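Architecture and fold: a report
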Number of protein chains: 6
Amino acid sequence: MIYITRKEHFNAAHKLCNDAWDKAKNLEVFGKCANENWHGHNYELFVTVKGQVNKDTGFVVNLKDLGDLIKSDIIEILDHKNLNVDVSGLSNILPSTENVSIFIWDILKPKVNAMGAELHCVKLVETENNYVEYFGGK
Amino acid sequence: MIYITRKEHFNAAHKLCNDAWDKAKNLEVFGKCANENWHGHNYELFVTVKGQVNKDTGFVVNLKDLGDLIKSDIIEILDHKNLNVDVSGLSNILPSTENVSIFIWDILKPKVNAMGAELHCVKLVETENNYVEYFGGK
Amino acid sequence: MIYITRKEHFNAAHKLCNDAWDKAKNLEVFGKCANENWHGHNYELFVTVKGQVNKDTGFVVNLKDLGDLIKSDIIEILDHKNLNVDVSGLSNILPSTENVSIFIWDILKPKVNAMGAELHCVKLVETENNYVEYFGGK
Amino acid sequence: MIYITRKEHFNAAHKLCNDAWDKAKNLEVFGKCANENWHGHNYELFVTVKGQVNKDTGFVVNLKDLGDLIKSDIIEILDHKNLNVDVSGLSNILPSTENVSIFIWDILKPKVNAMGAELHCVKLVETENNYVEYFGGK
Amino acid sequence: MIYITRKEHFNAAHKLCNDAWDKAKNLEVFGKCANENWHGHNYELFVTVKGQVNKDTGFVVNLKDLGDLIKSDIIEILDHKNLNVDVSGLSNILPSTENVSIFIWDILKPKVNAMGAELHCVKLVETENNYVEYFGGK
Amino acid sequence: MIYITRKEHFNAAHKLCNDAWDKAKNLEVFGKCANENWHGHNYELFVTVKGQVNKDTGFVVNLKDLGDLIKSDIIEILDHKNLNVDVSGLSNILPSTENVSIFIWDILKPKVNAMGAELHCVKLVETENNYVEYFGGK
């Protein structure tokens, strides 16, 4: 069993705003992240998969295939987008780093299985000072 | 003459869109950066000033003062904001990295002079793959 | 269950010196780190907590609260300090990266619990070439 | 139980080529990595060991000893070498990041044990966009 | 006048070897870099151009165009190649970082002029500990 | 004319304190940097030299020689030291980043000349948020 990680990135706008709350409550909880006209980030995405090393290739998975999957299924729908507005799968979800990580996990998990490996971790870096890791499960 | 640089950062949303052009032309020139619902970045700002070393302090300028200036006059108005919408000084300007750098220069230049030093360079990093440097002048 | 990490940093002086040993023995074991007049580092501290995502906020913990906790309870007592001399809780402890990590863990663990999450890891980076991770336990 | 990591690096040439396959098949699977005249990388190697903190030193292991071990037993045989040609222990192995990580693990594991600690992880970074982690076992 | 920089990267094998010298002399001058079976690097390339900001776009040059130029004219011929063997323009040149930088400059200079800007600097990072900058001229 | 840069690093303790001032004045000007028991940093040192490319080697200077010079003449006297106490050449100088940069320049300049090149810049990074560049001259 060995673990391999591929890094990709996307740039997106978002805001943190709970529509069930008034403006004052949103400001109290989310601070500047509640700015109604959005702000944004350069997100760095690290996808880790695990599996056995294939004798013929020396690979767990072909990194080109893994990179293509992440680009087509994640980057294409998140890059240069507004996470609150432009992404159908996130339409009723607060786009916190936590929730976006789970969203990415749910998309990638079956696709990585289909490549003959297992998704181990989605790590999403929002700024140089904070990141989230999701390993699946509750 | 010695040069000292202070790094700060801000997160902002923006889009690149020339209102004199139609949607197709904006898409042709600006590509994904024209997404009408915005996208965003973690901007890194490097401000370089130059001057003589003060004998009593060993400093060109007190970095705490320089940091306070950048925070109060730049970060406060750009951080967690929408560069197209929320910043009065940028209201009629395409918020490209180039134009935002010049905007920052124009604010800081007289304030750095007032600290007894000279503004040398504003460097603005938009992503890990591109940055702009402005040294003043035409 | 999801994991979120906050990075902070502090600058400190220290030396590695076992008072039960003579100078030659300290030099043999600790090398340049035994320099009696101290040396120092820019420490990077990564604090990882885990928990369930709150439905109303999208957060495991509010990162602002976690950052405030780390600043008030750790950075305030370690930043711009001498780890051998200035920190009461470290007064009889060799300030190796290992021991400082455990010291930080012991302070943060009950405070993170009080925030409704669980402390998972304290990672302390001493130089770009070495770091320690502590997950609690013996 | 605490974990400490030491980073070293080496520069090497390699190519990915399965001699049982013809050129077209190698190109299909390995893409540009199959270039017959080699290419190369700056590899970053992170070695993590775990153990109890020694009361007299504050150390799990003396990092100088760990660094010396990695330099003498790994860097010396891989740095500025061709991984396909110059390294006897890799002579019949596809030098993928996965296989090189396992090669390093097998060398270091008994030597770290002999230092009174346990090898926990070999992490090998091939480019800024991909890395492998090996924790031993099948 | 404003400066904008685009970063790209390529991975390549090379060796430093002066064919007019014997093996001992090459080893004395180039050390491990003379290894006859090659070694390699992850090169980071920073291309800086300067010019006036276009009023309609806010750009000195369209970064997408600059990136496409670097990819088609530089990365395509250097990435996953052997700099001593595979690159016709370098066939009689020692592929030191200095010489590769000049090689890149000579290709890009007229193409950047044709984009309406001026090439200012080619910076080539060979390892995290060394890089070369070339600004043209003798 | 081409520019080549070598990076080295050292870890040191220091404090900023003007002995002609009382404690309150030092605290007012230097803040936490005046802590009487010292603090410290991981300093990164970038030394840039310029010259013509040697036809036989492809080098401005042999980086191994430049690295050896920096190690023997700078790192040896600053690494794991107290800049206020342990370094004879800094004994009457406030060890600000500015003054340490000038100190390093004055040592290296004639030695780089003796290597057949010219010292262009000493860049000293004190933390990830500030650095000084010195190009000689007044």
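This text goes with the structure placed above it.
Residues numbered from 1 in each chain as written. Chains lettered and ligands numbered in written order. Predicted model: local features only at pLDDT ≥ 70, side-chain atom pairs only at ≥ 80, totals over all residues. Heavy atoms only, no water.

Topic: the pairing of strand E2 (residues 39-51) of chain B
All names here are of chain B. Counting buried positions along E2 yields twelve of 13 residues, so the element is predominantly enclosed. Sheet analysis places strand E1 (residues 2-14) next to E2, joined by 13 bridges and oriented antiparallel. Residue Glu8 lies in a different strand from E2, and its bridge partner there is Leu45. In the sheet, E2 pairs with strand E4 (residues 118-127) via seven bridges, with the strands oriented antiparallel. Note that in E4 the partner of Glu44 across the bridge is Val125. (Buried < 20%, exposed > 50% of the residue type's maximum accessible area, 1.4 Å probe, protein only. Helix = DSSP H or I, 4+ residues; strand = E, 2+ residues; numbered from the N terminus. Pairing = 2+ DSSP bridges.)

Things to note about the relation of the copies chain E and chain F
When chain E is brought onto chain F, the operation consists of a screw motion whose angular component is 120° and whose axial shift is 0.0 Å, with 0.0 Å RMSD remaining. The operation mapping one copy onto its partner corresponds to a three-fold rotation axis. Measuring from the rotation axis to each C-alpha of chain E, the shortest distance belongs to Glu128 of chain E, at 9.0 Å. (Least-squares fit on C-alpha atoms with pLDDT ≥ 70 in both.)

Notes on the pattern of salt bridges
All names here are of chain B. Here the structure, examined in full by the defined rule, presents 48 salt bridges over all chains. Note that Lys64 is salt-bridged to Asp68, the shortest N-O span being 2.8 Å. With Lys64 and Asp68 both in helix H2 (residues 63-78) and four residues apart, this pair spans about one turn of that helix. Classification of Lys64 by relative accessible area gives exposed; the value is 54%. (Salt bridge = Lys/Arg side-chain N within 4 Å of Asp/Glu carboxyl O.)

What to know about the interface of chain E and chain F
Taken residue by residue, the interface counts 22 residues in chain E and 19 residues in chain F. Summed over both sides, the interface of chain E with chain F buries roughly 1,600 Å², with 56% coming from carbon and sulfur. Of all residues in chain E, the largest losses of buried area upon contact with chain F belong to Glu98, Asn129 and Tyr131 of chain E, amounting jointly to 34% of the total for that side. In this assembly, chain E and chain F are joined by zero salt bridges. Taken together, the links from chain E to chain F amount to seven residue pairs in polar contact (both at pLDDT 80 or more). Secondary-structure elements contributing two or more residues to the side of chain E that touches chain F are helix H1 (23-30), helix H3 (97-114) and strand E5 (130-134) of chain E. Take the side of chain E that touches chain F: its biggest share by element is five residues, from E5 of chain E. (Contact = heavy atoms within 4.5 Å. Buried area = accessible area lost by both parts, 1.4 Å probe. Polar contact = N/O pair within 3.5 Å; in protein donor to acceptor, adjacent residues only side chain to side chain.)

Considerations on helix H1 (residues 23-30) of chain B
Residues and elements named next belong to chain B. Three or more residues of H1 are buried, namely Asn26, Val29 and Phe30. An end-on view of H1 places all buried positions within 80° of arc, on one side of the element. Across H1 from its buried face, at more than 90 degrees, point the exposed residues Ala24, Leu27 and Glu28. The backbone nitrogen of Ala24 lies 3.3 Å from a side-chain oxygen of the residue at the head of H1, namely Asp22. Just beyond H1, the residue with positive phi is Gly31, at close to 55°. (Arc of directions from axis to C-beta.)

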